[in-house]
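Report on the structure
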Amino acid sequence: MLELRNYQQRSLDVLESYFRLATQHGANMAFYHQTDNRYRAVPQLPELPYICLRIPTGGGKTLMACHALSIAAKEFLQAERAVCLWLVPSNTIREQTLAALRNRQHPYRQAIDLLFGGQVSVMDLQEAINVTRGTLTGDTCIIVSTLAALRVEDTDGRKVYETCGYLMDHFSGLVAEQEALLEKGEEGVIPYSLCNVLRLHRPLVIMDEAHNARTQLSFDTLARFNPSSIIEFTATPETEHKPDKGLFASNILHHVSAAELKAEDMVKLPIKFEIRTEWKEVVAETLKTRRTLEAIANEEEKQTGEYIRPIVLFQAQPKNQNKEPITAEVLRQSLIDDFKIPEAQIAIATGQTRQIEDVDLFARDCEIRFIITVAALKEGWDCSFAYILCSVAEIGSARAVEQILGRVLRLPGAVRKQHDELNCAYALSASRRFSDTAMSLKDALIQNGFQKLEAELFVKGEEAQPTFFGAGTLFFEADQVVSEKPDLSQLPKELREKVAFDQKTSTISVKKVLTEQDKAALEKCFTTPEAKQAVEILYHASHGRKTETKPVEREPFRVPMLSIRVDGQLELFEEGHFLDNRWKLSECEAGLTESEFPSQYVGGESGELDVNKQGNIEVQFVDQIHRQLRLLGIEPGWDIAGLTNWLDRQLLPHDDLTRTEAMLFIHRLLSQLMESRGVTIEQLAAQKFRLKTAIAAKIDNHRQIAANDSYQKALFSADAEIEVGPEVCFEYSLDRYSANYYYEGPYQFRKHYFPLIGELKDGGKEGEDKCAIFLDQLDAVKYWVRNLERRPEASFWLQTSTDKFYPDFVALLKDGRYLVVESKGEDRWSNDDSKEKRAVGELWADRSKGACLFVMPKGPDWEAVSTAILRKSDG
């Protein structure tokens, strides 16, 4: 089974937290608690959770959707099974999704089977019309369809709303509350339709690429099925919210950045692109690039055993009656006649010609190395051997290339290659304007879910060559993307006429030959090594010289970690050093207080838990769903042993506890609840999911108390051998600096170690941006890094008793010392969490023997940082 990548798990953790909050506070308040953003309810579905996870192309949306289905069922519906409407944008993707989910050997199906105990049925709309009552109540049922097929105008859609004799059994024995849910036909007659069957079961809706489905008509269609919640997965969610114009913005709960995908080896980045003025020159350069890549791939196979056959995707022009385009057939003939490519290596994939259907492009005996298309690869096609996109005409717009560009992004095997050339993608185009091509590629990446700053960072092109027109007159133009805004106002007038900066695209362009003096003056307008290198490239390009674009060399940034000496060996200090000893849960207090598990849960009262009116309505909506689903279920006869066993299984894994310890604790807790509150085991079983959450929190609280005791002994006892030195260090790496978003404020930072500053908000409520600016302006600071939260592979951290602590900023001082700063609001500076972080930070600094400093300013007291630096320097 495929394991979730770190960014996927982080996204699903956010989803799980949201659904837990939604059961207490409703969809609206839960979204605000989670994101600090306003929730935009759909008028037709005002109370249900309708949220979006934004995942770039290549991010594994379908695997995440499999896990999201289980999270929604267990955390929101609080049920062991669910009915799911899995909606996809096209019939092609519908067929692919059905095939994957039906195949018990496929990782997607394996994930769902594991999450639902193998009780899973997958079907299309036609099969769903004949589904039995036993299947819907006994299995997790996934119905895969397009949204269009559910509309009344569609032939299949009409059948969904019509009476079907096969479904009659679903409507026997219904109570009045259930009948009230159903659509009624003429004279109030309830049709025995699939639509009404689904209305009874309150389906979860998974929306694949949902940005195409946020219209009034789509919402009307979805509302007819009475869903319990809707989860969108898309690279490009709708961001405009203008209900009067039919535009409804997605509620983006969490988004994943392209940098996170790159850090997990999911995608090929950067994209290296090159232009030529004539299309046959582009083809020749493409063939040369592919031959080079294949030779490198052969070396890779010798070293690792992994087979890769790099494939070119040629984008030809559509047929046009008014001109002679470079069609797929014209390009194919040129490859054969002009470049002597064997016919067996070429395949055409257009609307009329589909030569790669049912072909295993990963097979060793497959000869195909060139695929010619116009746009036919844009839906559902996926082959990670595709490394090169070649457009034989100008890339006129992002829309023309966005889908096909996404096809060359996936990294084979999702494993980083030994040869860096195989970790990149390549794009070549027939064009006369370098900047236009670059802009189109960047816009296409944004349409594939990249952020604007990432698109700037990950598109890297070769500079343009000078072109001669007329007798000896040189008209030159070259462009380079830079990561900072230059101040050109101080340049001499003659040089200012040669240079222009486009703030919208962060592009500096040069129109005439640069002298050495011009180059030196222009370099002074920039502060970062990357920008100065761009000026160097433009200088050589203006003289007709092609230069190699090499990464800017940075000195290694290695930060000493907190270490412990065990049996004479120095080891990185982490949770294993204090959680090894099993603790006695069975000896801990087992009662649940009213705040931990309110009596109203088992007393049949309505769950109005929020203070505002809208929240009350939403929580009633959640309780109504739970009650309606219980009416459908057939609960087994419960006794205390059976419920104890069920709860323990739900709490697995608990590696620090034996099963006997856990079972004894749960049994004692249930017994106390029944005795102290006078409730029956059946009443507790009816709320078993809420009970599970309360017990898990209780056990975790006991676990934290035990862990803190062991932690204090391991770190702060007299015989603890804690050290900080150069033997155990963390080293920052650009490839692993996987920020979720980037700073876009007005301040131009000069000393950040990486080109982009991750996860720093302009005007953030914690004032972290002000702290960053203060550090950037400190003369004592050589460079600094915005340390990323929950990225152990990318960030410096210190172990606490409960988890890893990621300080906000890590800096290297000019005198060689290390400075760690944790920005903390005044209201939280004195709480237990902050006290523990200060204690471990100060211990780290103390054991470094003066090499390291730790500062936690109280609110905006940034001068505490300066004071610490000066005090240690003077001392």
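Residues numbered from 1 in each chain as written. Predicted model: local features only at pLDDT ≥ 70, side-chain atom pairs only at ≥ 80, totals over all residues. Heavy atoms only, no water.

**Describing the overall build of the protein**
- A count of helices and strands for the protein gives 28 helices and 28 strands.
- Looking at the protein as a whole, 53% of its 875 residues qualify as buried.
- Long-range contacts, defined as pairs at least 24 residues apart, comprise 72% of the intrachain contacts of the protein with a sequence gap of at least 6.
- Element-wise, carbon and sulfur atoms account for 48% of the exposed surface of the protein, whose accessible area totals about 39,200 Å². (Helix = DSSP H or I, 4+ residues; strand = E, 2+ residues; numbered from the N terminus. Buried < 20%, exposed > 50% of the residue type's maximum accessible area, 1.4 Å probe, protein only. Contact = heavy atoms within 4.5 Å. Areas by Shrake-Rupley, 256 points an atom, 1.4 Å probe, with all protein chains shown as cover.)

**Overview of the sheet that holds strand β5 (residues 204–208)**
- Judged by pairing direction, the sheet is parallel, and its seven strands sit side by side in the order β3-β4-β2-β5-β6-β1-β7 without closing on themselves. Two strands lie at the open edges of the sheet, namely β3 (120–123) and β7 (252–255), each paired on one side alone. Within this sheet the neighbouring strands show an average axis-to-axis angle of 20°, counted without direction.
- As paired elements, strand β2 (residues 83–88) and β5 share four bridges and run parallel to each other. Paired with C84 across the strands is L204, a residue of β5.
- Against the sheet, helix α1 (residues 6–35) touches β1 (50–54), β6 (229–234) and β7, its axis set at about 160° to β7. (Pairing = 2+ DSSP bridges. Axes fitted to C-alpha atoms, helices over the stretch in contact; angles between N-to-C directions.)

**As for the sheet that holds strand β19 (residues 507–510)**
- The strand order β17-β19-β18 describes an open sheet built from three strands, whose pairing is antiparallel. Both edges of this open sheet fall to β17 (478–481) and β18 (499–502), since each of them pairs with a single strand only. Here the average twist between neighbouring strands, direction ignored, is 20°.
- Relative to β19, β17 runs antiparallel, the two being bridged by four bridges.

**Focus on the nonpolar core**
- Counting residues in each nonpolar core, the largest one holds 157 residues, and the members touching the most others are L15, W86, I142 and F314.
- Ranked by residues supplied to this core, first place goes to helix α2 (residues 61–77) with 11 residues.
- Setting aside residues no more than four positions away along its own chain, I142 makes contact with L69, C84, W86, L101, I112, V120, S121, V122 and M123.
- Within the second largest apolar cluster, 43 residues are counted, among which are F557, A714, V820 and A845. (Core = buried A, V, L, I, M, F, W, Y, C linked by side-chain atoms within 4.5 Å.)

**Quick notes on the pairing of strand β4 (residues 140–146)**
- β4 sits mainly inside the fold: seven of its seven residues count as buried.
- Both faces of β4 are covered, namely the face carrying T140, I142, V144 and T146 and the face carrying C141, I143 and S145.
- As defined by bridge partners, β2 adjoins β4 across six bridges and the pair is classed as parallel. Counted as the bridge partner of C84 is I142 from β4.
- Sheet topology places β3 next to β4; four bridges connect them, and they run parallel. Looking across to β4, one finds that M123 is bridged to I143.

**As for the confidence of the model for the protein**
- Mean pLDDT for the protein: 86, with 88% of residues reaching 70 or above.
- Predicted confidence is poor over residues 463–475, with pLDDT under 50, and the contacts of this stretch with residues over four places away or in other chains come to 24 contacts.
- Across residues 604–615, confidence stays below pLDDT 50; counting only partners more than four residues off in sequence or on other chains, it has 21 contacts. (pLDDT = per-residue confidence, 0-100.)

**Regarding a negative patch on the surface**
- On the surface, a cluster of negative charge is made up of D567, E571, E574 and E575.
- As for its position among the elements, E574 is in the loop between β21 (569–572) and α20 (600–603).
- Overall, E574 belongs to the partly exposed group, its relative accessible area being 34%. (Patch = residues over 30% accessible without salt bridge, like charges linked within 9 Å, V, L, I, M, F, W, Y side chains within 5 Å. Salt bridge = Lys/Arg side-chain N within 4 Å of Asp/Glu carboxyl O. Lys, Arg positive; Asp, Glu negative; His and termini not counted. Charge placed at Lys NZ, Arg CZ, Asp CG, Glu CD.)

**Observations concerning the pattern of salt bridges**
- The final tally for this structure, using the stated rule, is 49 salt bridges.
- Measuring nitrogen to oxygen at the nearest pair gives 3.3 Å for the salt bridge that ties R416 to D420.
- Given a relative accessible area of 30%, R416 falls into the partly exposed group.
- Across the pair K782 and E555 runs a salt bridge, and its minimum N-O distance is 2.7 Å. On the criterion of sequence distance, the pair formed by K782 in strand β23 (residues 781–786) and E555 in the loop between α19 (529–542) and β20 (558–566) is long-range, its members being 227 residues apart.
- For K782, a relative accessible area of 39% gives the class partly exposed.
- When its relative accessible area of 36% is taken as the criterion, E555 is described as partly exposed.

**Digging into the packing of aromatic side chains**
- Applying the stated rule across the entire model yields 29 aromatic pairs.
- Note on F557 and Y753: the rings are 5.4 Å apart at their centroids and 65° apart in plane angle, and the pair reads as edge-to-face. In this pair, F557 is assigned in the loop between α19 and β20 and Y753 in the loop between β22 (722–731) and α26 (768–777), connecting sequence segments 196 residues apart.
- Classification of F557 by relative accessible area gives buried; the value is 1%.
- Judged by its relative accessible area of 9%, Y753 falls in the buried class.
- Each residue in the set F557, F730, Y732, Y737, Y753, F754 and Y783 is aromatic and connected to the rest through ring pairs, giving one cluster. (Phe/Tyr/Trp six-rings, centres within 6.5 Å; stacked < 30°, edge-to-face > 60°.)

**Side note on the packing of helix α22 (residues 640–651) against helix α23 (residues 659–677)**
- The interhelical angle for the contact between α22 and α23, taken along N-to-C directions, is 125°, at an axis separation of 9 Å. As judged from the angle between their axes, α22 and α23 are oblique. As α22 packs across α23, the resulting crossing turns out to be right-handed. Residues I640, L643, T644, N645, L647, D648, R649 and L651 of α22 pack against R659, A662, M663, I666, H667, L670, S671 and M674 of α23.
- Split by residue class, the contact of α22 with α23 holds nine nonpolar, four polar and three charged. (Parallel < 35°, antiparallel > 145°, perpendicular 65-115°, else oblique. Left-handed = near helix turned anticlockwise from the far one by under 90°. Nonpolar A, V, L, I, M, F, W, Y, C, P; charged D, E, K, R; others polar.)

**Overview of the environment of I190**
- For I190, the position within the fold is in the loop between α8 (176–179) and α9 (194–201).
- Along the primary structure I190 and E179 are separated by 11 residues, whereas in three dimensions their C-alpha atoms are 8.4 Å apart.
- Here I190 is in contact with E179, L182, E183, K184 and N196, once residues within four sequence places are set aside.

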